[in-house]
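Notes for the structure review
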Amino acid sequence: MASSSSSSSSSSSSSSINPQWKKHDVFISFRGADIRDGFLSHLYEALHRKQIFTFKDENLDRGEEISPALLKTIENSLLSLVIFSENYAFSPWCLDELVKILECQETTGQIVLPVFYGVDPSDVQDLTGRFGNALAQHKEKFKDCLEKVESWSRALKGTANISGPESKLIDEIVNDVRKKINHSFLSVYDNDGLFGIDSRVKEVESLLCLESEDVRMVGIWGMPGIGKTTIADKVFNKIANKFQSQCFIANVREELEKRTPVQLRHEILGKLLGGENLDVGTPCTLRHSTKRRLQNTKALIVLDDVYGYLHLKELVEGWNLCGPGSRIIVTSKDKQVLEIVGCEKYIYKVEKLNDCESLQLFSLHAFKQTQPTNGYMRQLSERVISYTQGVPLALKVLGCSLYGKGVKEWESELKKLDTIPNKEIQGILRRSYDGLEDNEKSIFLDIACFFKGENKDRVKDILDCCGFFAESGIRSLLDKSLVTISKEKLGMHDLLQQMGKDIVCKENKNPRKRSRLWNAEDIYYILKTDKGAESVEAISLDLSKIRNIELCPSAFEKFYKLRLLKFYNPGSKEMKLHLPKGLNFLPNELRFLYWDQYPLKSLPSTFCPENLVELHMHSSQLEQLWNEDAPCLKNLKFVDLSNSKQLIRIPDMSQFPELEVIILRGCMSLVDFSWSSKYQSKITDLHFGKCSKIVSLPNSMCNPKFLKQLDFTDCVNLHGLPENLGDLESLEYLIATRSGIKRLPSSINQLKKLYFLICDGCEGLILPHFTGLASLFHLSFDVCGISEIPGNLGSLRSLAHLYLRGNNFRSIPTSIKQCSKLTTLVLSDCKRLQFLPELPSALQWLDAINCISLEFISRSFKQGYMNSWFLMDLSKCIKLDQSACSQLMECLLLKLQKCLCIPGSELPEWMMYKNDSGSSLSFSLTTSDPHSHSPDFIKIAFGVLVAPKANHSRNFIETGISISCRCNFITDSGDSLEMHSFCRLIKRHHISLWYSNIHLHSRKFRIREASFQFSINYSFNRLHLSEAHKCKVYKCGVHLIFDHNLDDDDNGKRWSEMVFHDRTMSEGLFFTPIVEYEHDEQYPLQGLKEKQEFKCFDLNFSLSFLFTLVICLATASDQTKAQPTLMVFTLMLIHVCLKLLSFNSSLSLHGIYS
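Quick caveat, the model's predicted, so the values are computed rather than measured. Every residue gets a number counted from 1 within its own chain, in the order that chain's sequence is written. Only residues with pLDDT of 70 or above have their local features reported here, since the model is predicted, and side-chain atom pairs are shown and tallied only from 80 upward, although totals for entire chains, interfaces and linings are computed over all residues. To obtain the side-chain values, all non-hydrogen atoms of the structure were used and water was disregarded.

To obtain an axis, a line is fitted to C-alpha atoms, over the contacting stretch when the element is a helix, and the angle between two such axes runs from 0 to 180 degrees between their N-to-C directions. Note on conventions: DSSP H or I runs of at least 4 residues are helices, E runs of at least 2 residues are strands, and numbering of each starts at the N terminus. Look at helix α12 (residues 261-273) against helix α14 (residues 309-316): their axes get within 9 Å of each other, and the N-to-C directions meet at 35°. The two elements α12 and α14 meet at a crossing, and its hand is right-handed. Facing Pro261, Leu264 and Arg265 of α12, the residues of α14 in contact are His311, Glu314 and Leu315. For the contact of α12 with α14, a count of residues per class yields 3 nonpolar, 1 polar and 2 charged. Note on convention: the crossing is left-handed when the near helix lies turned anticlockwise from the far helix by less than a right angle, right-handed when the turn is clockwise. Contact between two residues is taken to exist if any of their heavy atoms lie within 4.5 Å; hydrogens are not considered. For this classification, the nonpolar set comprises Ala, Val, Leu, Ile, Met, Phe, Trp, Tyr, Cys and Pro, the charged set comprises Asp, Glu, Lys and Arg, and every other residue, Gly included, is treated as polar.

Structure follows, in structure tokens:
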């Protein structure tokens, strides 16, 4: 029997040997007399079937000396297969081969695979048995050349020491050979321009799940040119050796243009089952013998570039008959193809390359290196990266086309790409478009030329009205990777968009005869010449790119097919299109009408917009939409007349059955707003912002059952909302910021779905009692002059954010504690507020800046009820009781707050290390007796006093700044640890305190010295502040929070339990070890603080005495009869004990008690 072992070379020179340069895949070293007629012939045939080119020396009459030609053959082989048989070592020829093989392994990285045929590997390794006898015989025979015999001995031992999986089967030996050969090719190709390939291969491998015994199909899906085939090829070469049979069919789409699916299927079966003329059965049914052979074959099949799902179904139908563990990989541009054949759970979407990978790939082809040659060429290269957006095909094509060209040629080529796309790239991308249905092609071109970046649902409505069946059409484009959807907006790769526009341009050289127009010069010329364009279906004109133009009244009379019209003027209010003589006609086929700065007082009376879906007239001169009664608008869904300052009236919008959104923001002259109750309206959004002449709203406006958003921002003359507001059962957002509303109707409590309620700046607002707002999440009544908050505020159980800044109330209802989900409470500038009650435990942020009357706070802040991540800003609270300030600072020490900002100029007394001035401090933690005082510190509290630089107090800017502390620790071994901590609560002449946890990644360190440097950081928009506007750190301090109760085991456990990364960063502190240690090194993290005079022996004695007394009382008590006096006394003693324990713990936490 035979066994095999394997090794891959680690030679330093191996990386320079390319397997493509080797003449032979395998060289077999063997002793012919032992194995020539049996094992060797079967092994050779098996290697040949796997297309492994193998050399075996057929010379039966070998002499004593190995020939130079054979030595050259060994050198030109990628792998040497050494078959140790019983008499192998008796042949000097075989031993010379072995010496040469090991020499090649050392010098060129040749792979060596030993096979032990009927021998014990230990006999070869130890030179015992037949191998020992052979070496003894050689020593006698070659007495004059013992050095040669020694080299044979070393070669035998060296080869035998190559360990690996043992095998007794030829097929397993062959698979081992294949694995080693494939690995050698992969190692060469790893950096052959396949940037970013490894992560993508891993994603596919995870879907393949090779350890599973099921038969699985995995899809690789993506847009044309994104690298699907490359990934499939890489995966195939990497895992092929794990399968008995393999088959890779490239370009299936092209293959099926030459032959039928049945013929291609027969070819696949032939490759898998080992026969070109295999009789597999009828086109629909496999022969029983073929099925049985398939069931016993673990197969790997790759079908590349499959387009039609029917063809794929014919190719893969019945492949579940393959043996356990078989895998089929299919690449396709069409996701639906993959889903139909049942691999929807195992589809990998190929993502585009990132900018770094893109630059490397492009540079490899443009410069024959992985980076641009100089700074300016890098700038030009980055333009290519921006243009290609991570598509490997485009990067390769453009890189090759620019290779060897000068700067001027580069500039010319890149400028040309803006208008003329590369033919090779477009040719490949065009294949997907050519396979679309006619309606899908129309949708694709509309998106490319018109709707990229628009809301998908609104686009679907418009395209449906055009008869394009948008729901299924857009889904098909998504499946084919021709469009994307992100955040509900339609997207498209720039290369695909350019292809779409190029397709339209090629419809006709004359722009008038194209279906879609977007070029400003073409549109300007067509409109100015007044000749019309009967073929045009869509116009999109950026008015900022043309000169002023006067249109005649009949300008649109010959645009009979016009569906989409968009005149937009981004960032400008200048009117470019003028109609001095009016407008007689607009095409009735219009589905989308968008006209910025429309110059007339109304739309043409002849315009019959029954097909219109969206109407946009921003900043128009409209006074009303129609001079007469409104026409039938059965398809209208969206109306935006914002900033039409001359608009006086609008028709009854409730009569339009499909209308969903009305935007009238900035229509400052609008007074006539009627709403009929007889229509069942579908309106969901109403926006009246800055409609300053609206005084009241009709009750009938509250009839729509679908209304979700209602906005009356800056409607300053609107003094109230309809009393039946509660009838809007679907209302989620109600915004009345800076409106004239004085009170909210009581029916507001019926709005069970209301999520946002914002009435900021409604001076004199009176609030109702809150009883039924079960979904209210965000409530804001900033600067409303509110003098009293309803007592049942706590009924708002879903409330998370409450904003009450700038109001006149003196206190907050105690029921606020019942708002169990409240995380944000803003009370800044509430100058009459005197007392803060107990707040909800979920609170994370309290802003009480400039509450100048605030004197007292609830005991809950001092007793540990608050959330451990609590941030509190009490700056400018000048009346706040000093004892309250001290207790708040102690709360921070007890981890009740993360950050705290309070009035004052002195750091807390308990702070262990502090200075009188300056932004830095340092101290030593060592003592003469390291065992007398070595507690672990687990947190650090930081404190700073920040103030303006001298004589610049009035100019100090508090926004956009933060404080940071760089901490450096020196260990006993002299190594350095560095950490950083941050705080954004910074106010002048205030103390800012914050704390951070220490995370040391499962290591212990004994800290000897510590230093801290505080600095001011400015946000980007504050970087250029003058010195007069900047500030400095005047005082600083730190406090080490110790834990005496952790022994070494507890410490190890605590350090090993790491906090999640995002939470660690939220605390603003992390360690950067400057020197790395091995995991088995132990450095105890122990801070040694200065000795404190205060000792607590008496406290411990008191506790012991009281506990003893309680136990004695409990023992002496009458078991049969209760004694109330004794029970009360015992409970009082227990209470005192608990208080003393709490005090003891507090002393320990402050680092006082040792």
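Turning to the pattern of salt bridges, a few remarks are in order. Each reported salt bridge corresponds to a side-chain nitrogen of Lys or Arg within 4 Å of a carboxyl oxygen of Asp or Glu. One pass over the full model with this rule turns up 41 salt bridges. Here Glu267 makes a salt bridge to Lys271, at a shortest N to O gap of 3.4 Å. Separated by 4 residues within a single helix, Glu267 and Lys271 lie in helix α12, roughly one turn from each other. Of the residues examined, Glu267 reaches a relative accessible area of 25% and is grouped as partly exposed. Each residue gets one of three labels from its accessible area relative to the maximum for its type: buried under 20%, exposed over 50%, partly exposed in between, using a 1.4 Å probe on protein chains only. For Lys271, a relative accessible area of 43% gives the class partly exposed. Note that Lys817 and Glu838 form a salt bridge whose closest N and O atoms lie 2.6 Å from each other. On the criterion of sequence distance, the pair formed by Lys817 in the loop between β27 (801-803) and β28 (824-826) and Glu838 in the loop between β29 (835-836) and β30 (845-847) is long-range, its members being 21 residues apart. By relative accessible area, Glu838 is classed as partly exposed at 24%. Salt bridges sharing common partners tie together Lys72, Glu75, Lys100 and Glu103.

Turning to helix α6 (residues 129-141), a few remarks are in order. Helix span, expected: 1.5 Å multiplied by one less than the number of residues in the helix. Taking 1.5 Å per residue, 13 residues should reach 18 Å; α6 reaches 19 Å between its end C-alpha atoms and fits that length. Buried residues of α6: Phe131, Gly132, Ala134, Leu135 and His138, and no others. Within α6, the buried residues cover an arc of 160° as seen down the axis, which keeps them to one side. Facing away from the buried side of α6, by more than 90 degrees, are the exposed residues Glu140 and Lys141. Each element contacted by the buried residues of α6 is listed here: β4 (77-84), α4 (92-108), α5 (121-126) and α7 (146-160). This arc corresponds to the set of directions leading from the helix axis out to the C-beta atoms.

Side-chain rings of Phe, Tyr and Trp (the six-membered ring for Trp) are treated as a pair once their centres are within 6.5 Å; stacked means planes under 30 degrees apart, edge-to-face means over 60, and tilted covers the remaining angles. Enumeration according to the criterion identifies 32 aromatic pairs in this entry. Here the aromatic rings of Tyr433 and Phe444 are separated by 5.6 Å at their centres, their planes lie at 50°, and the arrangement is tilted. Linking Tyr433 in helix α20 (residues 423-434) with Phe444 in helix α21 (residues 438-451), this pair joins segments that are 11 residues apart in sequence. Judged by its relative accessible area of 6%, Tyr433 falls in the buried class. On the basis of relative accessibility, which here comes to 0%, the residue Phe444 falls in the buried class. With 6.3 Å between their ring centres and 75° between their planes, Phe942 and Phe1014 make a pair best called edge-to-face.

We now examine empty space enclosed by the protein. Points on a 1 Å grid, built from protein atoms alone, make a cavity when a 1.4 Å probe fits but cannot get out and make a pocket when they are open with protein on both sides within 12 Å along at least 5 of 7 lines; residues with an atom within 4 Å of a point are the lining residues. Grid points are joined across faces, edges and corners, and a volume is the space filled by probe spheres set on the points. Taken as a whole, this structure holds 2 cavities of 30 Å³ or more when the rule is applied. Roughly 70 Å³ of internal volume is contained in the largest cavity. What lines the largest cavity is simply Phe450, Phe451, Glu454, Asn455, Arg458, Val459, Ile462, Lys566, Phe592 and Glu614. Those elements giving two or more residues to the lining of the largest cavity turn out to be α21 and α22 (456-465). With 3 residues, the top contributor of residues to the lining of the largest cavity is α22. A per-class count over the lining of the largest cavity returns 5 nonpolar, 1 polar and 4 charged.

Looking now at the environment of Val26. For Val26, the position within the fold is in strand β2 (residues 24-29). For Val26, a relative accessible area of 0% gives the class buried. Sequence separation of Val26 and Ser77 is 51 residues, and the distance between their C-alpha atoms is 5.7 Å. In this structure, Val26 is in contact with Ile52, Phe53, Thr54, Phe55, Ser77, Leu79, Leu81, Val177 and Ile181, ignoring residues within four places of it in sequence.

Okay, the side chain of Lys333 next. Here Lys333 lies in the loop between β9 (327-332) and α15 (335-340). What makes Lys333 buried here is its relative accessible area of 6%. Pairing of N or O atoms within 3.5 Å defines a polar contact, subject to two protein rules: one partner must be a possible hydrogen donor and the other a possible acceptor, and residues neighboring in sequence count only if both atoms are side-chain atoms. Polar contacts involving the side chain of Lys333 include one to the side chain of Asp305, which spans 2.7 Å. When near neighbours in sequence (up to four residues on either side) are disregarded, Lys333 contacts Trp221, Gly222, Pro224, Lys228, Arg253, Asp305, Val306, Ser432, Asp479, Lys480 and Ser481.

Turning to the sheet that holds β9, a few remarks are in order. With parallel pairing, the 5 strands of this open sheet are ordered in space as β7-β8-β9-β6-β10. Whereas interior strands pair on both sides, the edge strands pair on one side only; in this sheet they are β7 (245-249) and β10 (347-349). Recorded for the sheet is a direction-independent mean angle of 10° between the axes of neighbouring strands. Packing of helix α9 (residues 197-208) onto the sheet brings it into contact with β6 (216-221), β9 and β10, and relative to β6 it is tilted by some 150°. In this description, strands pair whenever DSSP reports at least two bridges between them.

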